[in-house]
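Understanding the architecture of this molecule
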Amino acid sequence: MSEHADLLVHGGDVLTVDEAGTFVRSGAVAVRDGEIREVGPADELRTRYEAAETLDATGCLVLPGLVNTHTHLAMTLLRGRADDVTLQGFLERVLRWEAALLSPKSVAAGVRAAIAESVRAGVTSALDMYWFHEAAERVAREAGWRLHTGPTFMDVPDPADGIAYEDRMAWARRDLAARATARPGTRPVLFAHSTYTLSPDQLTDIAALAREFGALLHLHAAENATEVATVEVRHGRRPVELLDSLGLLGPDLLIAHAVDLTGPEIAALARTGTSVAHCPVSNLKLGCGIAPVPRLLSAGVTVGLGTDGAVSSNTLDVLGAVRQAALVHKAAGDPTAVGAEQAVRMATLEGARALGLGDHLGSLEPGKRADLIVLDLNAPQMRPVHNPWSTLAYAAHSADVRDTVVDGRILMRDRVLTTLDEATTLADLEALA
């Protein structure tokens, strides 16, 4: 008797990215109710499953959807407006433009374009720190895309959303309380911008609220030497030292960038189980430096990959970040510093773990959410495939993604978006930008 599946992806080679790195030649993935039911040989699963919908992945590579662990999606509105400047010059420009441009409508338009770009690039979920997160969530829900977001705290004179800092705590509490039943594969999130835009007391209060609701806390820290020096002058400690002294480091904290770190700071991150979102393209473009990822990995720190916003990195291409992460750390002379498999894992399973969602996302295993992508191997630069990890890290491009599936729902089939009107999305973005 046949088993029912909502979707059967079959015929392609399946790289599961599980702990063992299981690779199934001519494999298949059976999906029901948004969950992976089985991964195995295509001939066997085609015989046993009667599927309402199928994806023939013959000649392709099937792998988990990519996880973007740090971005500001609606910054698509400002792409190309702050190039070739330092981090501090970037912030001065962007904060001014945001105050003038941002609204629920403009954020929705920017996020809709970001989702279109991400789906095309095989990115199935993202951690998005930005203003008007409610508008972003609405757009993501309509598109069927997995978004991790929540209230952002940043003590600036005129926040873009108009909510003064003294009112933000009550607002955030209401937001978190409304998330009592989170969508499978998501969790509550709070964003504290940084140790240079919030005081120690504010950071402590925000962290306490996050812990009360079991939320992930995400912030920028140690992005460049100037930031570190600023925080040290202001608070007497470097950013990670300050977070450690306040008791904020821990498994429910994910810090973005972590470029300027000392040995003791790396040890503190490892000791507390704090995770890092590595954004190699943004860090290089802003001249921030290169995060000590090999040392973080050696210490046992969980490291995911992020693109940052489309202003500082200009694309939301996580595969591009995979390549950069696999290459840039070799510059010190060690070609094994970050290998192809490690870089791919940082964009999938390790990224999911950095979000505290490793049991739900990041690999193709029964019981996990059905977030997966189909990568076309028929382009000249993709052949021959001696090693799928190597092909992904050093040869593949976002344009090679053929199909994107989130929660078992096909968001892109044969490179055509199915839940977004791409022409209208881009026209709306251009009108605002």
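See the structure shown above.
Small disclaimer: the values here were computed from a predicted structure and weren't measured.

Details of the sheet that holds strand β15 (residues 275-278)
Strand order in the open sheet formed by 6 strands is β11-β12-β13-β14-β15-β16, and the pairing between neighbours is parallel. Bordering the open sheet on either side are β11 (152-153) and β16 (303-305), each of which pairs with just one other strand. Here strand β14 (residues 253-257) runs beside β15; their pairing, made up of 3 bridges, is parallel. Following the sheet pairing, A256 is matched in β15 by A277. Where helix α6 (residues 200-212) meets the sheet, it contacts β11, β12 (189-194) and β13 (216-221), and its direction lies at approximately 165° from that of β12.

A few points about the layout of surface pockets
Looking at the largest pocket, its volume works out to about 370 Å³. Of all the secondary structure elements, the ones that give two or more residues to the lining of the largest pocket are α4 (133-143) and β10 (146-148). Of the residues belonging to the lining of the largest pocket, the class tally is 5 nonpolar, 4 polar and 5 charged. In this structure, the second largest pocket spans a volume of roughly 150 Å³. Split into classes, the residues belonging to the lining of the second largest pocket amount to 7 nonpolar, no polar and 4 charged.

Topic: empty space enclosed by the protein
Over the atoms a probe the size of a water molecule is rolled, and this reveals where empty space is left. One pass over the full model with this rule turns up 2 cavities of 30 Å³ or more. Roughly 250 Å³ of volume is contained in the largest cavity. Along the wall of the largest cavity there are 21 residues; nearest its centre are H72, M75, L91, H193 and H220. Counting residues per element, the lining of the largest cavity draws most heavily on helix α2 (residues 87-101), which supplies 6 residues. The residue inventory of the lining of the largest cavity, partitioned by class, reads 12 nonpolar, 6 polar and 3 charged. Around the second largest cavity, the lining residues are P64, G65, V67, T124, S125, H360, L361, G362, S363, R369 and D371. In terms of residue class, the lining of the second largest cavity is built from 3 nonpolar, 6 polar and 2 charged.

A short note on the pairing of strand β4 (residues 27-32)
Within β4, 5 of the 6 residues are buried, leaving the element largely enclosed by the surrounding structure. Between β4 and strand β5 (residues 35-41), which pair antiparallel in sequence order, lie 2 residues; one of them, D33, sits at a positive phi of approximately 55°.

Points about the nonpolar core
Ranked by internal contacts, the top residues of the largest apolar core, which has 117 residues, are F90, I115, W145, L190, I255, L269 and L375. Looking at this core element by element, the count peaks at 8 residues for helix α3 (residues 104-120). Counting 17 residues, the second largest nonpolar core, distinct from the first, contains A57, V62, A370 and L372.

Details of the side chain of D18
Mapped onto the elements, D18 comes out in the loop between β2 (13-15) and β3 (23-24). Lacking a salt bridge, the buried D18 has R345 as its closest oppositely charged neighbour, with an N-O distance of 5.2 Å. In terms of polar contacts, D18 uses its side chain to reach the side chain of T22, at 2.7 Å.

Let's talk about the sheet that holds strand β9 (residues 123-128)
Ordered in space as β8-β9-β10, the 3 strands form an open sheet in which the pairing is parallel. The two strands at the open ends of the sheet, each matched to only one other strand, are β8 (66-71) and β10. Neighbour to neighbour, the strand axes of the sheet diverge by 20° on average, direction disregarded. Across 4 bridges, the pairing between β8 and β9 is parallel. Along β9, the bridge assignment pairs L66 with V123.

Digging into the packing of aromatic side chains
If you walk through the whole model with that rule in mind, you get 1 aromatic pair. Relative to Y165, the ring of F153 has its centre 6.0 Å away and its plane inclined at 65°; by these criteria the two rings are edge-to-face. Of this pair, F153 sits in strand β11 while Y165 sits in helix α5 (residues 165-177), placing them 12 residues apart in sequence. Side by side, F153 and Y165 carry an identical accessibility label, which is buried. Just above the ring of W97 sits the side chain of R81; from NZ or CZ to the centre is 4.2 Å.

Notes on unusual backbone geometry
With omega at -10°, the peptide bond leading from R383 into P384 counts as cis. Considering the arrangement of structural elements, one finds P384 in the loop between β17 (372-376) and α15 (388-395).

Notes on the pattern of salt bridges
This structure, assessed with the given rule, holds 31 salt bridges. Note that D371 is salt-bridged to R146, the shortest N-O span being 2.7 Å. With D371 in the loop between α14 (349-354) and β17 and R146 in strand β10, this pair connects stretches of sequence that are 225 residues apart. The class for D371 is buried, based on a relative accessible area of 6%. You can call R146 buried: its relative accessible area is 0%. Within this structure, R146, R183, R369, D371 and D407 form a network of salt bridges that share partners.

Details of the environment of L426
Inspection of the secondary structure assignment puts L426 in helix α16 (residues 422-432). Sequence separation of L426 and A113 is 313 residues, and the distance between their C-alpha atoms is 6.4 Å.

Quick notes on the rules
- Residues numbered from 1 in each chain as written.
- Predicted model: local features only at pLDDT ≥ 70, side-chain atom pairs only at ≥ 80, totals over all residues.
- Heavy atoms only, no water.
- Pairing = 2+ DSSP bridges.
- Helix = DSSP H or I, 4+ residues; strand = E, 2+ residues; numbered from the N terminus.
- Contact = heavy atoms within 4.5 Å.
- Axes fitted to C-alpha atoms, helices over the stretch in contact; angles between N-to-C directions.
- 1 Å grid on protein atoms, 1.4 Å probe; cavity = no way out; pocket = protein on both sides within 12 Å on 5 of 7 lines; lining within 4 Å.
- Points joined across faces, edges and corners; volume = space filled by probe spheres on them.
- Nonpolar A, V, L, I, M, F, W, Y, C, P; charged D, E, K, R; others polar.
- Buried < 20%, exposed > 50% of the residue type's maximum accessible area, 1.4 Å probe, protein only.
- Core = buried A, V, L, I, M, F, W, Y, C linked by side-chain atoms within 4.5 Å.
- Lys, Arg positive; Asp, Glu negative; His and termini not counted.
- Salt bridge = Lys/Arg side-chain N within 4 Å of Asp/Glu carboxyl O.
- Polar contact = N/O pair within 3.5 Å; in protein donor to acceptor, adjacent residues only side chain to side chain.
- Phe/Tyr/Trp six-rings, centres within 6.5 Å; stacked < 30°, edge-to-face > 60°.
- Lys NZ or Arg CZ within 6 Å of the ring centre and 35° of its normal.

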